[in-house]
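Each chain, written out:
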Amino acid sequence: MTTTVDFWFDPLCPWAWMTSRWMLEVEKVRDVHTVFHVMSLSVLNEEREHDDHYRGLMRDGWIGVRASVLVRDRHGVEALRDFYTALGTRYHLGGEPKEVGTVRDALAECGLDEDIADLALTHEFDELVRASHHEGMGPVGQDVGTPVIHLNGLAMFGPVISPAPKGEEAGNLFDGFEKMTAYSGFFELKRTRTVGPIFD
């Protein structure tokens, strides 16, 4: 029986990108299907104090999450999965700017409505972003960011990994993660990060 993993991401976040690539590897070696959902670091941080650089990042983040929820609503969750791969590849591997042209190119690559890029510059769909965000973040709490995974009835932040494991190593990590989420009293494992995101 296929296990459904609900995964919340913000396209802006390199750590969510790493975890998403791991989940796609898991699907190759375990009977698992990942359903992608949108959260927003911009929403999460809008009431928090940050320096000018981080506030700029949060402003830049809106276009990706707006476009993502519009892709989901117009084209469905499988299209969102493909769009995230196209946009994330541009953001994280290509170093492309978080702007309308990058979003439009990702939409075109996936054969999706390119007008979504222009609509993502407006505030018209912010409530869709907020609704998806709160669906994912409500159960896990506000002390975390992204990635967030819902599995076995629990919502968990993480795992935060670098690089994303491949093949059976990816499956083994998932096995352990699944076992931890099977225990309702499990809350946290953590250590200091010693590397940044390693894209491969």
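Fair warning: this is a prediction, and the values are worked out from it, not measured in the lab. (Residues numbered from 1 in each chain as written. Predicted model: local features only at pLDDT ≥ 70, side-chain atom pairs only at ≥ 80, totals over all residues. Heavy atoms only, no water.)

**Student:** Explanation requested: the sheet that holds strand S2 (residues 32-38) in the structure shown.
**Tutor:** Strand pairs in the sheet, formed through backbone hydrogen bonds, run parallel or antiparallel to each other. Ordered in space as S2-S1-S3-S4, the four strands form an open sheet in which the pairing is mixed. The sheet is open, and its two edges are formed by S2 and strand S4 (154-157), each paired on a single side. Recorded for the sheet is a direction-independent mean angle of 25° between the axes of neighbouring strands. Summarising the sheet, strand S1 (residues 3-9) and strand S3 (residues 148-151) pair through three bridges and their orientation is antiparallel. Considered in S3, the bridge of tryptophan 8 is made with valine 148. Contacting S1, S2 and S3, helix H1 (residues 14-29) runs over the sheet at an angle of about 155° to S2. (Pairing = 2+ DSSP bridges. Helix = DSSP H or I, 4+ residues; strand = E, 2+ residues; numbered from the N terminus. Axes fitted to C-alpha atoms, helices over the stretch in contact; angles between N-to-C directions. Contact = heavy atoms within 4.5 Å.)

**Student:** Could you clarify how one ought to interpret the pattern of salt bridges in this entry?
**Tutor:** Once their charged atoms are close, side chains differing in charge can pair, the charge on each being opposite to the other. Under the criterion given, the structure shown has twelve salt bridges. Here aspartate 175 and arginine 30 are joined by a salt bridge, their closest N and O atoms 2.8 Å apart. Taken together, the residues span a long stretch of sequence, with aspartate 175 in helix H8 (residues 167-181) and arginine 30 in the loop between H1 and S2 at a distance of 145 residues. On the basis of relative accessibility, which here comes to 22%, the residue aspartate 175 falls in the partly exposed class. Residue aspartate 126 pairs with arginine 66 through a salt bridge whose shortest N-O separation is 2.7 Å. Remark: arginine 66 occurs in helix H3 (residues 52-75) and aspartate 126 occurs in helix H7 (residues 126-137); sequence separation between them is 60 residues. (Salt bridge = Lys/Arg side-chain N within 4 Å of Asp/Glu carboxyl O. Buried < 20%, exposed > 50% of the residue type's maximum accessible area, 1.4 Å probe, protein only.)

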